[in-house]
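Here are the chains, one letter per residue:
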Amino acid sequence: MKDMQSVPPPRHHRARLKKPTWIIILVSFVCVFLVFAYIYPLQNSGACYIILSSSCNTFYSWLPPPAREFSDDETASRVVIKNILDLPSIESNNPKIAFMFMSPGSLPFEMLWEKFFEGHEGRFSVYIHASKAKPVHSSRYFINREIRSGKVDWGKISMVDAEKRLLANALKDPDNRHFVLLSDSCVPLRDFDYVYNYLMYTNVSFIDSFDDPGPHGSGRYSEHMLPEVEKKFFRKGAQWFTMKRQHAVIVTADNLYYTKFRDYCRPGMDGRNCYADEHYLPTFFHMLDPHGIANWSVTHVDWSEGKWHPKSYHEQDISYQLIKNITSITESVHVTSEEKKKTMVMPCMWNGINRPCYLFARKFKPDTLHRMIDLFTNQTMF
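Quick look at the structure, then. (Residues numbered from 1 in each chain as written. Predicted model: local features only at pLDDT ≥ 70, side-chain atom pairs only at ≥ 80, totals over all residues. Heavy atoms only, no water.)

Things to note about the packing of aromatic side chains
Two numbers describe a pair of aromatic rings. These are the distance of the centres and the angle of the planes. All told, the structure shown has 31 aromatic pairs when counted by the stated rule. Between the aromatic rings of Phe99 and Phe116, the centroid separation amounts to 5.8 Å while the plane-to-plane angle is 80°, which identifies the pairing as edge-to-face. A residue pair is termed long-range when its members are at least 10 positions apart, and Phe99 in strand S1 (residues 96-103) and Phe116 in helix H6 (residues 110-117) qualify at 17 residues. Accessibility assignment for this pair places Phe99 and Phe116 in one class, buried. A ring pair is formed by Tyr198 and Phe206, whose centres lie 5.7 Å apart and whose planes are at 45°; its orientation type is tilted. Taking relative accessible area as the criterion, Phe206 reaches 0% and is therefore assigned buried. Aromatic ring contacts, followed pair by pair, group Phe99, Phe101, Trp113, Phe116, Phe117, Phe124, Tyr141, Phe142, Phe192, Tyr196, Phe360 and Phe376 into a single cluster. Geometry around Tyr196 places Arg123 over its ring, the cationic atom sitting 4.2 Å from the centre. (Phe/Tyr/Trp six-rings, centres within 6.5 Å; stacked < 30°, edge-to-face > 60°. Helix = DSSP H or I, 4+ residues; strand = E, 2+ residues; numbered from the N terminus. Buried < 20%, exposed > 50% of the residue type's maximum accessible area, 1.4 Å probe, protein only. Lys NZ or Arg CZ within 6 Å of the ring centre and 35° of its normal.)

Below is the structure:
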């Protein structure tokens, strides 16, 4: 037995043990080749000679596209934006919400908003961008709150200019921590305390943004926006936002991406109608801070009639049931503009909890004022 244990194993057995080593070497060589080819792509048919020339395109289709190198302007812009977003929020002893109204002139719902603001002095600020006529005020909260305004044309970049102008003026007050964009047809659906807590105690901005592959979504995209704005990032959404202070700062400071939408997203561009107010902010935030926005707006509007403009509400439409129906909605719905329209439903999540979506509503006609005031005074409803 001892003699048998001392006999060395056969030579052919030792040779068999070397085969895995050759397999490892071969696999390593292939991996190195693939990495080398990805970093130093084959630029011409001569370089393809080392493999079958007919297989060059197929070979590269297996590889992920190389990351695009940013221009100097993009690098600078992204560094500034990232640093602003990473800065810790400066605490305020008196945090306020800035309510920013965009209107041609007078605001028909000033008296309703007065009911909303009353008793909460020091917790809000009001700013008015009146693009056509100096407003005549009916509420003390709106007197002398106009900012220097410019002409606003529907669907043009001047809508975005007005938004940026309002944000810049509201940012002058360091106590303004959240910023709400409203139109002259907007009404509150909740009382002030509910709105204040809803906006102040969450870390996201309520900016509407979704992917619409149809003609009224990415069909409006222009390749002139390259390289800074790629089609895969192009998004759509309602312009009526609320946003936290860091987001207000980067929107006000942005010029690079704004310029792309100013120059190449406008009515009649390349035979298409592109509206910057529907695409600039949704695309901007999807590219630069996608997890910092809710992807839905807290301002309700009814598109159920399927027309170019949303449903308008008149005096006869106003009822307790209407307000209850709107404030009970807990899902955000987007419909694409493809021939076979696709409906996308998303729960309205607030700090991880599914809550009602809407704080405000649009397209209320002036004749609804007194009925809305009557309903608003019933605090149990709001």
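Points about the pattern of salt bridges
By the definition in use, this model includes 11 salt bridges. Across the salt bridge formed by Lys82 and Asp86, the nearest N and O atoms sit 2.7 Å from each other. With Lys82 and Asp86 both in helix H5 (residues 72-86) and 4 residues apart, the pair spans about one turn of that helix. Two residues, Glu228 and Lys260, come together in a salt bridge whose shortest N-O distance is 3.0 Å. Of this pair, Glu228 sits in the loop between strand S5 (205-208) and strand S6 (242-244) while Lys260 sits in helix H10 (residues 256-264), placing them 32 residues apart in sequence. Taking relative accessible area as the criterion, Glu228 reaches 10% and is therefore assigned buried. Connected via shared salt-bridge partners are Glu114, Glu121 and Arg140. (Salt bridge = Lys/Arg side-chain N within 4 Å of Asp/Glu carboxyl O.)

Thoughts on the state of the cysteines
Overall, the coordinates contain 2 disulfides when judged by the stated rule. One disulfide bridge connects Cys265 with Cys274, the sulfur atoms lying 1.9 Å from each other. The disulfide joining Cys265 to Cys274 has a torsion of about -80° about its S-S bond and is therefore left-handed. Since its relative accessible area comes to 1%, Cys265 is described here as buried. Covalent S-S linkage joins Cys348 and Cys357, the inter-sulfur distance amounting to 1.9 Å. Handedness of the Cys348-Cys357 disulfide follows from its S-S torsion of about 95°: it is right-handed. Cys348 gets classed as buried once you look at its relative accessible area, which sits at 0%. (Disulfide = S-S within 2.5 Å.)

Digging into the sheet that holds strand S8 (residues 299-300)
Read across the open sheet, the 3 strands follow the order S4-S13-S8; overall the sheet is mixed. The two strands at the open ends of the sheet, each matched to only one other strand, are strand S4 (187-188) and S8. Looking at chain direction, S8 and strand S13 (residues 360-361) are connected through 2 bridges and run parallel. Within S13, the residue paired with Thr299 across the bridge is Phe360. (Pairing = 2+ DSSP bridges.)

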